[in-house]
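# Residue-level structure breakdown
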Amino acid sequence: MNALVTEPAAALIGEPTTDPFIIEAVGLTKVYGAQRALSDVTLRVPPGTIGLLGPNGAGKSTFIKCLLNLETPTSGSAKVLGRDIRARNRASREKVGYSPEQDCHIAGMAGCEYVTYCGQLSGMPFQVARQRTHEILDLVGMGQERYRPVDTYSTGMRQRVKLAQALVHDPEVVFLDEPTNGLDPSGREHILNLIGALWSDLGISVIMSSHLLRDIERVCDRVIIIANGRVVEHSSIEALKNRHKRIVELNPASEPERFCSVLEQAGLTVSRLSNGKLRVESASDSIEWMLELMRSHNLPPAEIVANPDALHEMFIKSLAAGHGNHT
Ligand code: ADP
């Protein structure tokens, strides 16, 4: 059970799912006229923080909307938290939160009124919804602005209120469609921190769409790359990097010159980066031996990153593959 709020939520949301996958899709396809927005998507996604990465128009929103039963798939089937997406029942909605790409507030309503109303729509009694609203608005960092109409909010505040309405009913999984759109660097940082904490601190799975690789890399442990409606990659980010881990970045904890010469004496090509790190081409697929080498010289690295560019390389390759598959 998520520990998002103080009020016991069992009566409202039932037992957490025992299904090992939060999403299971088989041949999920959505066609709009001549446009194949989603093409034959088959995958199984375990709980965690999952990035849905792809350029604008790739099919990310369509995928999310089909999973939420806001769009009817042309063919194929899917389950979210073990429930068929075609089941239009309250039990399904209670466990799922959604923050759409576009603004979704009601004109004239204050932030706290709006979030309370969303809680009530998910089946919560008014008093419980109101209490949780304040807890969630505190969590997303919203102060006294909560009493002002949402229409008067900055983009950052609107993104926060959208996140709050997706969380108010203590869901097991939230779908966040481009949650950092329109934010300045500090606003983006704040929202990304919050999103990362949903899984790590509260156990709420996150499906977050973005066209920005760095946002996905920053908070997600898995990635689904979509191009032209097709899933061209679905993997944990760590596994993706491990598949391509011949380039390694090391951050010497001390004695950078000696650190560098030990690596060079071992026959490795070392480049010094402007941030003080060393970029090394590994001779083997395992980096353990390199760590062992440094430890034996009493120079354990402060940080080691295997193939820092792997995700970027994969993203670019996947986009090319997606173009090839375009129908
Ligand atoms: P993304 O979220 O990755 O930007 P979308 O899922 O919004 O992509 O769109 C995928 C494709 O489907 C795009 O070519 C878009 O124009 C098209 N599309 C999305 N919704 C509709 C719709 N309601 N009617 C017609 N075409 C649509």
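As the structure is a computational prediction, the values presented were derived from the model and not from experiment.

### Details of the sheet that holds strand E6 (residues 96-99)
The strand order E6-E7-E8-E3-E9-E10 describes an open sheet built from 6 strands, whose pairing is mixed. Edge positions in the open sheet fall to E6 and strand E10 (230-236), since each of these has one partner strand only. Across this sheet, the average inter-strand angle for adjacent strands is 15°, counted without regard to direction. In the sheet, strand E3 (residues 49-53) pairs with strand E8 (residues 205-210) via 5 bridges, with the strands oriented parallel. Each bridged residue has a counterpart across the sheet, and for leucine 53 the counterpart in E8 is serine 210.

### Considerations on the site of the ligand
Taken together, Tyr32, Gln35, Ala37, Pro55, Asn56, Gly57, Ala58, Gly59, Lys60, Ser61 and Thr62 make up the full set of residues near the ligand. With respect to the ligand, the backbone of glycine 57 contributes an N or O atom lying 2.7 Å from an oxygen atom. For the ligand, an oxygen atom lies 2.5 Å from a polar atom in the side chain of threonine 62. Coverage of the ligand by the protein amounts to 61% of the 560 Å² it exposes when considered alone. When residues of the shell around the ligand are traced back to their parent elements, those giving at least two are strand E2 (35-45) and helix H2 (60-67). A total of 3 residues in the shell around the ligand trace back to one element, the largest contributor, which is H2. A breakdown of the residues in the shell around the ligand according to their chemical character gives 4 nonpolar, 6 polar and 1 charged.

About the cut-offs
- Residues numbered from 1 in each chain as written.
- Predicted model: local features only at pLDDT ≥ 70, side-chain atom pairs only at ≥ 80, totals over all residues.
- Heavy atoms only, no water.
- Pairing = 2+ DSSP bridges.
- Helix = DSSP H or I, 4+ residues; strand = E, 2+ residues; numbered from the N terminus.
- Axes fitted to C-alpha atoms, helices over the stretch in contact; angles between N-to-C directions.
- Near = heavy atom within 4 Å.
- Polar contact = N/O pair within 3.5 Å; in protein donor to acceptor, adjacent residues only side chain to side chain.
- Areas by Shrake-Rupley, 256 points an atom, 1.4 Å probe, with all protein chains shown as cover.
- Nonpolar A, V, L, I, M, F, W, Y, C, P; charged D, E, K, R; others polar.

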